[in-house]
Amino acid sequence: MSCVVELKDVSFWAQGRRRVRDFSFPFEEGKTTALIGPSGSGKSTVLKLAAGLVSPDNGEVMFRGRDIARMGRQENILFRRETAVVFQDSALWENQSLFQILELPLRMHFPAMSKADREKRIESVVTEVGYKKDLGIRPAGLSMGEQKLVAFARALMCRPGLLYLDEWTESLDHSAAQRLIDMVQKLKDKGVSIILVTHDIQIIRDLADIVVMILGGQVFLRLTKEQIDGDEDLGRYVERGMAT
Ligand SMILES: Nc1ncnc2c1ncn2[C@@H]1O[C@H](COP(=O)(O)OP(=O)(O)OP(=O)(O)O)[C@@H](O)[C@H]1O
Ligand SMILES: [Mg+2]
């Protein structure tokens, strides 16, 4: 098994409490790993640690064998270009237009790209995710669901090889959510490594190769898709483990 990201004995403290404890987990290259567990169990924190956006207080986070904390500037830029995150709260820049928000990753990572090509890329991704409103407005003018669409579009802008999705279909109606699930299926087929957080058993059944149940900031259980599909009791157990 080759590993895209690995957490090694990672602990993270916030407000005087250990929120993630001695967390070790190898995320497989080219696979989709779903993090599940009740609210407050540490899923989003583990996702941010794995994405290198939050630094562990103890332990190491490795990207393809390299400690993220020890990467040089150039290596870090390449790591950033390869990875993209959809945050649970979308986290769109409040004071920028949607167009500027979508343009930023392209400007950062492909500075030689022409304006016309940036516009073309933005137009094509926005159409694919099903966002239909004006791109001249700011995030405050959008519903939560629409913000999720734009956040997903932003994440796809630079064609990431490693995608982190934190409840990225939440607040969307069924058909909009299904469209994003189908898009992730296509990315999966192309070999993109995906680490996602969900409370939705259907997403687990449709997309996950590996399921990690987190309780109290620790790995409680690791299951493969075959184990979940092949055992009804286990399927029900996973469903209960996602309860909020
Ligand atoms: N930077 C921080 N400051 C204070 N508390 C934090 C911080 N990061 C995480 N926590 C706390 O750690 C716990 C785990 O949070 P986290 O957001 O990872 O949970 P979660 O499993 O994603 O929950 P949900 O399903 O509700 O999104 C929570 O109690 C949260 O308040
Ligand atoms: Mg969360």
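Just above, that's the structure.
About the thresholds
Residue indices follow the written sequence of each chain, beginning from 1 at its first position. Whichever chain is written first is A, and whichever ligand is written first is 1; the rest continue in order. Where local features are concerned, this predicted model is filtered to residues with pLDDT of at least 70; where side-chain atom pairs are given and counted, the filter is 80 or more; whole-chain, interface and lining totals use all residues. Hydrogens and waters are ignored; side-chain quantities use all the structure's heavy atoms. We define a nonpolar core as any set of buried Ala, Val, Leu, Ile, Met, Phe, Trp, Tyr and Cys residues linked to one another through side-chain atoms lying within 4.5 Å. Throughout this description, buried means an accessible area under 20% of the type-specific maximum (1.4 Å probe, protein chains only), exposed means over 50%, and partly exposed covers the range between. Between two residues, a contact is recorded if the distance between any of their heavy atoms is within 4.5 Å. Secondary structure elements are defined from DSSP: runs of H or I of at least 4 residues count as helices, runs of E of at least 2 residues count as strands, and each element is numbered from the N terminus. Counted as donors are the N, O and S atoms within 2.8 Å of the metal, or 3.2 Å for Na, K and Ca, while water is not among the atoms, so some sites may look incomplete. By convention in this text, a residue qualifies as near a molecule or strand provided that one of its non-hydrogen atoms is within 4 Å of it. Two N or O atoms count as a polar contact when they lie within 3.5 Å, although within protein this holds only if one can serve as hydrogen donor and the other as acceptor, and sequence-adjacent residues are included solely when both atoms are side-chain atoms.

K.L.:
Can you break down the nonpolar core residue by residue, with the values?
P.N.:
V129, Y131, F152, L163, L165, W168 and I204 are the most contacted members of the largest nonpolar core, which has 50 residues in total. Leave out the neighbours within four places in its chain, and V129 touches L149, F152, A153, R179, L180 and M183. Counting residues in hydrophobic clusters, the runner-up holds 28 residues, among them V4, F27, L47 and V61.

K.L.:
Before we move on, could you go through helix α3 (residues 98–109) and cite the residues and values that matter?
P.N.:
Buried within α3 we find L98, I101, L102, E103, P105, L106 and H109. Elements in contact with the buried residues of α3: α2 (73–82), α4 (115–129) and α5 (144–156).

K.L.:
If you had to explain the environment of L35 to someone new, which residues and values would you point to?
P.N.:
Among the secondary structure elements, L35 is positioned in strand β3 (residues 32–36). Exposure remark for L35: the relative accessible area of 0% places this residue in the buried category. Separated by 190 residues in the primary sequence, L35 and K225 have C-alpha atoms spaced 13 Å apart. Ignoring any residue separated from it by four or fewer positions in sequence, one finds L35 in contact with F27, K43, V46, L47, I195, L196, V197, T198, V212 and I214.

K.L.:
Please set out the coordination of the magnesium ion (ligand 2) residue by residue, giving values where relevant.
P.N.:
Bound to the magnesium ion (ligand 2) are the protein donor atoms S44 (OG) and Q88 (OE1), situated 2.0 to 2.2 Å from the metal. A residue pair is termed long-range when its members are at least 10 positions apart, and S44 in helix α1 (residues 43–50) and Q88 in the loop between β6 (83–86) and α3 qualify at 44 residues. The class for S44 is buried, based on a relative accessible area of 18%. By relative accessible area, which is 34% here, Q88 ends up partly exposed.

K.L.:
Any chance you could break down the site of ligand 1 for me, citing the residues and the numbers?
P.N.:
Around ligand 1, the surrounding shell holds 14 residues, and the nearest of these are G40, K43, S44, T45 and Q88. Contact between ligand 1 and R19: an oxygen atom at 3.3 Å from a side-chain N or O atom of the residue. With respect to ligand 1, the side chain of T45 contributes an N or O atom lying 2.5 Å from an oxygen atom. With three residues, the single largest contributor to the shell around ligand 1 is α1.

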